[in-house]
Amino acid sequence: MNATIKYFKSFDFPISMSLFLYLLDPYARGYVFGWIAVTLIFFKKDFLLKNLDKGYVLISIFSITYALFYSFDPTGGQQYIFVYAIIPPGFYLLGKYFINQFCSHKNLFILLICIGFTFSITPMISVLQVFLKGGFASVERNLPLFWNGSVLNATNMSSYFLFNMSLPGLLLIKQLKLSLSFKIFSGVIFFLSLICVIRLGSRTQLAIGFISILITVLYALKKQSLKKNLPMLLGLVVFIGLFATQVNFDKDADWMSVYASRMEDSKNVASAGGRSQRWEKAAENIFTKPMGWSKNEFGFAHNLWLDVAMIGGILPMIFLIFFHFKSFFDIKKALALHPKELSFNALVLSYSICIILVFFVEPIMIGYFNLFSVSCIFLGVINAYNEKFKIHTIKTIK
């Protein structure tokens, strides 16, 4: 525990506090604190020059070109021209900043879970306030933020719980000696996030959470011995058994109210909420309208790369694809670097799956930008992790 505290104390307070406030997003003005964090990183002595790499160049070119095209029709506000231009590359560097001489696999594991939790605080409080008043009975999905009462789209709000939904799969792995209090805290966070996701009626987050937990468990089963697998499997069986026997799955149950209402209203479930048709139209437009097209044509494509092409044309889309291809190989390298660090590797795998799945099905840059910026932190951490420990063995603190 002392080593973990020392690691967190090694960060400059203004940088860590600016990031915390950005993730908290008070009164929807978190981007101001994002600018502060990026400015502090850019002006940190020799940090920028030492951390220039292909990933930073690619994400910078993408951000600048996307911001330029967005500036022609800044529907979300003029401030987002600068947000799109500087936050992604700045937060990529911020992720690299968290890899220092005090980090260990355990410390990085705790850091990334804390970032995911902090990211969810504002929507969690907002949804739970409504839930405590009316439970699951109400079918109204778009709920107000507790800061100022402004109503946020349910799909957007549910995205903030993305990382919390993968926690059970990570906690089942016994490789790291995590304190009981941390495990209880993480379990409570997952339970509250699950309540919020159900109250918001998000099928996407439930599906992504289930997939990430399943893949994490299968990954651990493959890597661990039978002796370590048995308690994990037993815990999983007990959890599934309790869930199946104690939860009422009748569509008239209160907790199913929002989902039942959505199923009655939806006529395009088989096409992922109509997304497949949008993907097809957007793919055609890439060739017929390479400089972008109007959202009024058929709405969002519900895919990160296709929606980038809609706003900025094919050029920023290509640079973003290159950046994510490079990131894919960085993640693959990280998973192979220290195969015995099962908990950390499982977190890297789980978060990567969550990010890539939500990128495929939601309009990330418009409405979900905070999630994109957090993904840049994560990818910066992975890149710096590979660079620093590709030769030296990272110290493991049990």
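This one's a predicted model, so the numbers in the text were calculated from it and none came from an experiment. (Residues numbered from 1 in each chain as written. Predicted model: local features only at pLDDT ≥ 70, side-chain atom pairs only at ≥ 80, totals over all residues. Heavy atoms only, no water.)

1. Regarding the pattern of salt bridges
This structure, assessed with the given rule, holds six salt bridges. When the shortest N-O distance is used, the salt bridge between Glu 387 and Lys 96 registers 3.5 Å. Residue Glu 387 is found in helix H18 (residues 369-389), and its partner Lys 96 is found in helix H6 (residues 79-97); the two are separated by 291 residues along the sequence. Put simply, Arg 275 and Glu 362 hold a salt bridge, and the shortest N to O gap is 2.9 Å. (Salt bridge = Lys/Arg side-chain N within 4 Å of Asp/Glu carboxyl O. Helix = DSSP H or I, 4+ residues; strand = E, 2+ residues; numbered from the N terminus.)

2. Considerations on unusual backbone geometry
Residue Tyr 27 is not a glycine yet carries a positive backbone phi of 55°. Of the residues examined, Tyr 27 reaches a relative accessible area of 45% and is grouped as partly exposed. Of note, Ala 28 is a non-glycine position whose phi angle comes to about 55°, a positive value. As for its position among the elements, Ala 28 is in the loop between helix H2 (13-24) and helix H3 (30-42). (Buried < 20%, exposed > 50% of the residue type's maximum accessible area, 1.4 Å probe, protein only.)

3. Side note on the state of the cysteines
Inspection of every chain in the model, using the stated rule, returns zero disulfides. Cysteine Cys 103 is unpaired, with the sulfur of Cys 114 as its nearest cysteine sulfur at 15 Å. (Disulfide = S-S within 2.5 Å.)

4. Some points on the nonpolar core
Among the nonpolar cores identified, the biggest contains 123 residues, and Phe 98 and Phe 372 are the most heavily contacted of them. If one sorts the elements of this core by residue count, helix H7 (residues 105-134) sits on top with 14 residues. (Core = buried A, V, L, I, M, F, W, Y, C linked by side-chain atoms within 4.5 Å.)

5. Section: a nonpolar patch on the surface
Judged by side-chain polarity, Phe 210, Ile 211, Leu 214, Ile 215 and Leu 218 come together as a nonpolar surface patch covering roughly 440 Å² of accessible area. Along the chain, the position of Leu 218 falls in helix H11 (residues 203-223). (Patch = residues over 30% accessible without salt bridge, like charges linked within 9 Å, V, L, I, M, F, W, Y side chains within 5 Å. Areas by Shrake-Rupley, 256 points an atom, 1.4 Å probe, with all protein chains shown as cover.)

6. What about the side chain of Asn 345?
For Asn 345, the location among the structural elements is in helix H17 (residues 342-361). Asn 345 sits in the buried class, given a relative accessible area of 0%. In contact with Asn 345, not counting residues within four places along its chain, are Tyr 219, Ala 334, Leu 335, His 338 and Pro 339. (Contact = heavy atoms within 4.5 Å.)

7. Some thoughts on the packing of helix H5 (residues 54-70) against helix H16 (residues 314-337)
H16 packs onto H5 with a crossing angle of 155° between their chain directions and a minimal axis gap of 8 Å. Put simply, H5 runs roughly antiparallel to H16. Seen along the crossing, H5 lies across H16 with a hand that is left-handed. Residues Lys 54, Gly 55, Leu 58, Ile 59, Ile 61, Phe 62, Thr 65, Tyr 66 and Phe 69 of H5 form the contact with H16, whose own contacting residues are Leu 315, Pro 316, Phe 319, Leu 320, Phe 322, Phe 323 and Lys 326. Tallied by class, residues from the contact of H5 with H16 come to 12 nonpolar, two polar and two charged. (Axes fitted to C-alpha atoms, helices over the stretch in contact; angles between N-to-C directions. Parallel < 35°, antiparallel > 145°, perpendicular 65-115°, else oblique. Left-handed = near helix turned anticlockwise from the far one by under 90°. Nonpolar A, V, L, I, M, F, W, Y, C, P; charged D, E, K, R; others polar.)

8. Observations regarding the environment of Leu 58
Take Leu 58: it is sitting in helix H5. Not counting residues up to four positions away in its chain, the partners in contact with Leu 58 are Phe 319, Phe 322, Phe 323 and Lys 326.

9. Some words on the packing of aromatic side chains
Counted under the stated rule, the structure contains 31 aromatic pairs. Aromatic side chains Tyr 66 and Tyr 84 sit 5.1 Å apart centroid to centroid with 85° between the ring planes, which places their arrangement in the edge-to-face category. Residue Tyr 66 is found in helix H5, and its partner Tyr 84 is found in helix H6; the two are separated by 18 residues along the sequence. Here Tyr 66 and Tyr 84 have matching classes, each one buried. Ring centres of Trp 305 and Phe 359 lie 6.2 Å apart, and the angle between their planes is 80°; on these two criteria the pair is classed as edge-to-face. Here Trp 305, found in helix H15 (residues 304-312), pairs with Phe 359, found in helix H17; they are 54 residues apart in sequence, far enough to count as distant. The buried category is assigned to Trp 305, whose relative accessible area is 11%. (Phe/Tyr/Trp six-rings, centres within 6.5 Å; stacked < 30°, edge-to-face > 60°.)

10. Things to note about the packing of H7 against H18
Two quantities define a packed helix pair, namely the angle between the axes and the distance from one axis to the other. Closest axis-to-axis distance for the H7/H18 pair is 11 Å, and the angle between their directions is 175°. Comparing the axis directions of H7 and H18 gives the class roughly antiparallel. Residue-level inspection shows His 105, Leu 108, Leu 112, Ile 115 and Phe 119 of H7 in contact with H18, the latter providing Asn 370, Leu 371, Val 374, Ile 377, Phe 378, Val 381 and Tyr 385. For the contact of H7 with H18, the per-class residue count stands at 10 nonpolar, two polar and no charged.

11. Regarding the confidence of the model for the protein chain
In the predicted model, the protein chain carries a mean pLDDT of 86, and the fraction of residues at 70 or more is 90%. In this model residues 394-398 is a low-confidence stretch, pLDDT under 50, and it forms 16 contacts with partners more than four residues away in sequence or in other chains. (pLDDT = per-residue confidence, 0-100.)

12. Focus on H2
In a regular helix each residue adds 1.5 Å, so 12 residues correspond to 16 Å; H2 covers 16 Å between its end C-alpha atoms and thus fits that length. Looking only at H2, the buried set comprises Ile 15, Ser 18, Leu 19, Tyr 22, Leu 23 and Leu 24. In this structure, the buried residues of H2 make contact with H3, H6, H7 and H18. Immediately downstream of H2, the backbone of Asp 25 shows phi near 55°, a positive value. (Expected span 1.5 Å × (residues − 1).)

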